[in-house]
Amino acid sequence: MLRTKRKRAEQAADLLLQSQIGEEERFRDLMRRMVRENKTAAASFVLIVLMVLAAALGPLLTPYGENEMDLLHRLAAPSAEHLLGTDEGGRDVLTRLLYGARVSLLIGVAPALLSLILGAALGVAAGYRGGLTDAVIMRVADVTLAFPSMLLAMVIMYALGGGILNVFLTLTLVNWANVARVVRAQTLKLKNCEFVEAARIIGVSRGRIMRRHILPNCLPTLLVLFTLNIPASILTESSLSFLGLGIQPPNASWGLMINTGRQYLYSAPWLCFAPGAAIMLIVLAFNFLGNGLLDVLDPRMKKQ
Amino acid sequence: MNEKTLEVRGLTVCIPTEKGVICPVNDVSLEVPAGSITGIVGESGCGKSMTARAVMGLLRYPAKVTGGSVLLGGREITSLPEKERRKLRGAEISMIFQEPMTSLNPVVKVGRQVEEAVRLHTACSREEARARTLEMFREVEIPEPESRLDCYPHQLSGGLRQRVMIAMAMVCRPKLLIADEPTTALDVTVEAQILKLLERLRDAGTSVLLISHNLGVIAKVCDYVYVMYAGRIVEQAETNTIFSRPEHPYTRGLFRSVASLREGGGVLETIPGVVPNLLRLPAGCSFSLRCGQCADNCRERMPELRETEPDHKVRCFLPGKEETE
């Protein structure tokens with residue numbers, strides 16, 4: 001019993017390694033091609049890297065703290081001291097923007113990754129096993145997709161309450177169904193490929209075929225879905241925070257910053273413009289990157 | 001040569017369709033003696049591949065084995081549970097097929113794919129599996145086997161991929177290899193090499209069931225030949241016998257349809273008509289609609305396989321009679 005368990009663990013580790021090695025090389029090729037062929041996507045990639053760096057190094061870039069109030073300089077216009085001005089509490093907008101970037105990037109990446117894992121697992125299972133498994137998983141997915149995603153997110157957030165972990169959970173529950181649908185379709189196609197047949201011929205079990213032969217072939221698609229899911233998550237989180245359902249003050253979040261800045265739209269427009277521009281930039285960058293990846297993956301798209 | 005690696009008795013595969021049940025494999029009996037290459041030949045859609053799948057236990061729903069038995073080394077395997085059959089696949093019985101281009105997983109290195117076969121059936125370490133794979137690559141004559149282990153399928157030519165497929169199928173030393181049109185997608189020089197490889201495998205003790213529509217391939221390597229038509233075996237004999245004295249009008253039609261360089265000129269003969277729809281088989285002999293020598297009783301009932309000379313069976317009422325044209 002113990003032995004088989006260990007053997008399984010070893011097999012799993014070895015699988016993981018193999019798929020990573022295989023993908024890494026392909027991934028490198030892919031990125032190289034993308035940079036060469038699609039300048040917008042390459043620029044977006046650079047922008048995203050810069051944003052990640054800025055978020056990570058935030059505290060080192062500004063002399064102010066996230067919640068450092070300076071009531072003498074409330075609602076100050078952008079100046080040399082405060083590059084993007086200050087808000088109603090005299091807090092530096094640029095500083096809050098950088099701290100907010102951490103939340104937004106985390107919110108973008110973590111739920112996108114979680115929904116990808118959940119969706120891919122369920123999608124492959126539904127596609128490969130078919131029958132009842134397929135029916136149950138896909139009907140649940142259909143129900144999820146039947147609601148407007150914003151409404152669904154609001155309902156779940158109301159039920160769970162605010163906080164960053166609940167935002168993760170909500171966005172995962174909202175986004176998995178799309179991934180599952182795409183992966184299921186791909187699985188149905190791959191299932192009838194001869195290499196799957198060949199795997200069955202040498203006696204590979206069902207679970208192993210799903211993990212080892214079907215999933216790795218879905219990876220390019222998953223990569224694109226991932227980059228397209230990130231901006232969707234960021235936008236949803238911003239909307240939730242704007243509505244007061246997501247990140248709770250005094251923590252900084254771009255959506256929350258727009259919400260509080262709304263009251264001063266005429267007297268201090270920078271309070272809304274700065275986080276608004278940040279959201280727009282990062283969403284656009286991820287979208288361009290996703291489209292760029294899609295282009296290099298699908299040769300037919302290039303000619304259009 | 002008395003020992004039989006594979007014995008199929010009265011195998012029938014049926015598929016229920018909206019318009020009725022069709023049987024792409026109908027009462028097929030065949031044997032593959034140990035250490036031989038046995039061929040099945042026939043037009044597209046005559047049930048060759050379906051027979052192979054049924055033997056492997058890989059029929060796709062809704063196709064089902066409805067009768068007969070498959071004995072592997074004397075052991076009945078059609079009634080085994082799926083888990084047991086899975087253990088047999090790759091270890092005792094293996095298969096390669098037509099398309100070497102799509103039969104390998106495009107995102108996994110070929111060496112690893114062969115190693116997977118080793119590790120599934122034998123308890124051995126990764127290094128041992130790799131060593132076995134390398135040995136097998138040498139055996140199937142892959143040039144520079146060490147560097148090929150780490151290639152992805154798209155980096156290899158069609159012939160090399162088919163060799164990898166054969167290595168994958170053979171690495172656990174199965175008793176029986178089913179080769180379903182193994183050379184159809186390859187050019188003639190590579191085809192000759194692959195056939196030679198099959199012969200070497202036979203000499204090393206593996207029995208081969210070779211499925212092909214190419215008579216040249218069959219003539220070159222097979223010891224014994226079965227001719228299939230519309231799901232049934234219509235003629236069976238040793239290769240030499242069947243090529244020198246074909247008895248069934250369908251077999252003779254097949255031989256005449258082969259383009260020959262030597263004779264040159266003339267119009268290439270074909271068998272008139274097409275393979276009949278399995279839903280609307282004629283009442284009598286299924287070949288009666290296309291047969292030039294069809295008599296009254298051919299249209300009324302299906303002839304049995306009868307022996308016309310020792311070890312030469314034909315499913316025809318009028319074997320060997322020349323057609324009146």
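Within any chain, residue numbers begin from 1 and follow the written order of that chain's sequence. A letter from A marks each chain and a number from 1 marks each ligand, given out in the order of writing. Reporting in this predicted model follows two pLDDT cut-offs: at least 70 for local features of residues, and 80 or more for side-chain atom pairs to be given and counted; totals over whole chains, interfaces and linings ignore these cut-offs and use all residues.

### Structural notes on the overall build of chain A
Point 1. Along its length, chain A carries 11 helices and zero strands.
Point 2. Elements are defined by DSSP. Helices are runs of H or I of four residues or more, strands are runs of E of two residues or more, and each kind is numbered from the N terminus. Secondary structure elements of chain A, listed N to C terminal, follow the sequence α-α-α-α-α-α-α-α-α-α-α.
Point 3. In this description, any two residues whose backbone-derived C-beta atoms lie within 7 Å of each other are considered to be in contact. Nonlocal contacts in chain A, meaning residues at least 24 apart in sequence, comprise 70% of its contacts between residues at least 6 apart.

### What to know about the overall build of chain B
Point 1. A tally of regular secondary structure across chain B gives 11 helices and 12 strands.
Point 2. Taken over C-alpha atoms, the radius of gyration comes to 21 Å for chain B, in line with the 20 Å a tight globule of 325 residues would show.
Point 3. Reported as C-alpha extents along the three principal axes, the dimensions of chain B are approximately 65 × 50 × 40 Å.
Point 4. For chain B, the residues scored as buried account for 43% of the 325 residues in total.
Point 5. When contacts within chain B are restricted to residue pairs at least 6 apart in sequence, long-range pairs at least 24 apart make up 64% of them. With C-alpha atoms as the basis for the radius of gyration, the globule rule is written as 2.2 Å multiplied by the number of residues raised to the power 0.38. For every residue, the other C-beta atoms within 10 Å of its own C-beta are counted; 20 or more classify it as buried, 12 or fewer as exposed, and values in between as partly exposed. C-beta atoms are placed from the backbone.

### Considerations on the sheet that holds strand β10 (residues 232-238) of chain B
Residues and elements named next belong to chain B.
Point 1. Strand pairing is assigned whenever DSSP detects at least two bridges linking the two strands. Ordered in space as β6-β7-β8-β3-β9-β10-β12-β11, the eight strands form an open sheet in which the pairing is mixed. Whereas interior strands pair on both sides, the edge strands pair on one side only; in this sheet they are β6 (93-97) and β11 (306-309). Sheet twist, expressed as the mean angle between neighbouring strand axes with direction ignored, is 25 degrees.
Point 2. In terms of strand pairing, β6 meets strand β7 (residues 176-180) through five bridges, oriented parallel. Bridge pairing in β7 places M95 opposite I178.
Point 3. Its contacts with the sheet place helix α1 (residues 48-56) against β3 (37-41), β6, β7, β8 (207-212) and β9 (224-229), and it is angled at close to 150 degrees to β7. Structural elements are reduced to axes, namely lines fitted to C-alpha atoms, with helices fitted over the stretch in contact, and the angle between N-to-C directions of any two is expressed from 0 to 180 degrees.

### So, the domain arrangement of chain B
Residue and element names in this part refer to chain B.
Point 1. An automatic or database domain assignment supplies the residue ranges for each domain. Per the domain assignment, the segments of chain B are domain 1 (4-92 + 174-314) and domain 2 (105-170).
Point 2. A straight line from the C-alpha centre of domain 1 to that of domain 2 covers 30 Å.
Point 3. Each partner contributes residues to the interface: domain 1 has 13 residues there, and domain 2 has 11 residues.
Point 4. Per-element accounting of the side of domain 1 that touches domain 2 gives the leading share, five residues, to helix α7 (residues 188-203).
Point 5. Residues of the side of domain 1 that touches domain 2, tallied by class, amount to 10 nonpolar, three polar and no charged. In this classification, Asp, Glu, Lys and Arg are treated as charged, Ala, Val, Leu, Ile, Met, Phe, Trp, Tyr, Cys and Pro as nonpolar, and every other residue, Gly included, as polar.

### Remarks on the sheet that holds strand β1 (residues 4-17) of chain B
Residues and elements named next belong to chain B.
Point 1. Pairing within the open sheet is antiparallel, and its four strands lie in the order β2-β1-β4-β5. The sheet terminates laterally at β2 (20-33) and β5 (75-76), the two strands that pair on one side only.
Point 2. Here β1 pairs with β2 via nine bridges, running antiparallel. Bridging from a neighbouring strand, L6 pairs with V32 of β2.

### Some remarks on the interface of chain A and chain B
Point 1. Between chain A and chain B, the contact holds 15 residues from the first and 27 residues from the second.
Point 2. When residues of the side of chain A that touches chain B are traced back to their parent elements, those giving at least two are α1 (2-37), α7 (194-201) and α8 (206-242) of chain A.
Point 3. In terms of residue count, the dominant contributor to the side of chain A that touches chain B is α7 of chain A (five residues).
Point 4. Across the side of chain A that touches chain B, the residue classes tally to seven nonpolar, six polar and two charged.

### Looking at the packing of helix α3 (residues 93-129) of chain A against helix α6 (residues 164-191) of chain A
Residue and element names in this part refer to chain A.
Point 1. Viewed as axis vectors pointing N to C, α3 and α6 meet at an angle of 40 degrees, and their least axial separation amounts to 5 Å. For the pair α3 and α6, the crossing hand works out as right-handed.
Point 2. Of the residues in the contact of α3 with α6, the class split is 20 nonpolar, eight polar and three charged. Helix crossings are classified by the rotation of the near helix relative to the far one: an anticlockwise turn of less than a right angle makes the crossing left-handed, while a clockwise turn makes it right-handed.

### Here we look at the pairing of β11 of chain B
Residue and element names in this part refer to chain B.
Point 1. Bridge analysis of β11 against strand β12 (residues 312-314) gives three bridges, and the strand direction is antiparallel. Within β12, the residue paired with R306 across the bridge is V314.
Point 2. In textbook terms, the turn of a hairpin is the stretch between consecutive antiparallel strands, and for β11 and β12 this stretch comprises two residues, one of which, D311, has a positive phi near 60 degrees.

### Some words on unusual backbone geometry
Peptide bonds are trans in most cases, and residues, glycine excluded, mostly fall at negative phi.
Residue and element names in this part refer to chain B.
Point 1. The residue D27 is not glycine, and still its phi comes out positive at about 50 degrees.
Point 2. Residue placement: D27 occurs in strand β2.
Point 3. Its 16 C-beta neighbours within 10 Å are what place D27 among the partly exposed residues.
Point 4. Located in the positive-phi region is E181, a residue other than glycine, with phi close to 50 degrees.
Point 5. For E181, the position within the fold is in the loop between β7 and α7.

### Some words on the environment of R130 of chain B
Residue and element names in this part refer to chain B.
Point 1. With respect to the helices and strands, the residue R130 is situated in helix α4 (residues 126-139).
Point 2. For R130 and E115, which are 15 residues apart along the polypeptide, the C-alpha to C-alpha distance reads 6.0 Å.
Point 3. Setting aside chain neighbours within four positions, we find R130 in contact with G111 and E115.

### Some thoughts on α8 of chain A
All names here are of chain A.
Point 1. Across its 37 residues, α8 extends only 46 Å between first and last C-alpha, which sits more than 12% below the 54 Å expected from 1.5 Å per residue.
Point 2. What we call the bend at a residue is the angle made by axes fitted to the seven residues finishing there and the seven residues starting there. Maximum bend of α8: about 45 degrees, positioned at L219, with proline P220 one to four residues after it.
Point 3. Immediately beyond the C-terminal end of α8, within one or two residues, lies G244, with a positive phi of roughly 85 degrees. One less than the number of residues in a helix, times 1.5 Å, gives the span that helix is expected to have.

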